[in-house]
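Reading the structure
Here are the chains, one letter per residue:
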Amino acid sequence: MDFINIAEDKIKQAIKDGEFDNLPGKGKPLNLDDMNGIPPELRMAYRMLKNAGMVEAEASYRNELMRIEDLIANCEDQEERQKLEKQLNEKLLAFNKVLEKRNTTNSKAFKQYQSKIDKLFR
C-alpha cells in the first residue's frame, strides 16, 4: 500500500467515526477566492493580476506606504519625522520601479481603468 492509499483510508475511517462532524463550516461551501469587494467587470483582470503575483507586491507596497504615512502624521519628533519621510521616499521609489517594470502605467488600458483599479487597493 502506498502513502496516498493509507492517507485516504485514514480519512475514510475518520469520516465513518464522525471525527469531522463538529468542524466549523460543515455543510457550507468553501469560499476559496473571495472577490466580493471587486466589481464583477474587473474580477477576471484582478484574478489574472493575482495569479501573476502582481497584486500581492503592489498591495504590500501600498500597505507599507500607508503605515509610514500614518507614523509621519502622528510623529512629534522632528528628527524622527525626517527619518520617516526618507523611508517613505525610498518606498515610493521602489514602488514606482515595480510599476515601471510592469510598464502598465503607460498602457492605454491601464489609464482607462486606473481609477477603478486604485479603488481595489484602498
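Details of the structure are given in the entry above.
Residues numbered from 1 in each chain as written. Predicted model: local features only at pLDDT ≥ 70, side-chain atom pairs only at ≥ 80, totals over all residues. Heavy atoms only, no water.

**Topic: the overall build of the protein chain**
Just so we agree on the cut-off: Working definition: helices are DSSP H or I runs of at least four residues, strands are E runs of at least two. Numbering for both runs from the N terminus. In this scheme, a residue with accessible area under 20% of its type's maximum is buried, one over 50% is exposed, and one in between is partly exposed, where area comes from a 1.4 Å probe on protein chains only. We call two residues in contact whenever any of their non-hydrogen atoms come within 4.5 Å of each other. Accessible areas in this description were obtained via Shrake-Rupley with a 1.4 Å probe; residue shielding takes into account the shown protein chains only.
The helix and strand inventory of the protein chain stands at 5 helices and 0 strands. The order of helices and strands in the protein chain, counted from the N terminus, is α-α-α-α-α. Put simply, the protein chain has 122 residues, and 17% of those count as buried. Taking all contacts inside the protein chain whose residues are at least 6 apart in sequence as the whole, residues at least 24 apart take part in 45%. With the model as given, the accessible surface of the protein chain reaches about 10000 Å², and the carbon-plus-sulfur share is 52%.

**Side note on the nonpolar core**
Note the cut-off: Here the nonpolar core consists of buried residues drawn from Ala, Val, Leu, Ile, Met, Phe, Trp, Tyr and Cys, with membership extended through side-chain atoms lying within 4.5 Å.
Membership of the largest hydrophobic core is limited to 8 residues, which are Leu65, Ile68, Ile72, Cys75, Leu84, Leu88, Phe95 and Leu99. For this core, the secondary-structure elements that each account for two or more residues are helix 3 (54–74) and helix 4 (78–102). Among the elements that take part in this core, helix 4 stands out by supplying 4 residues, more than any other. Sequence-distant contacts of Leu65, that is, excluding residues within four places in its chain, are made with Leu88, Lys91, Leu92 and Phe95.

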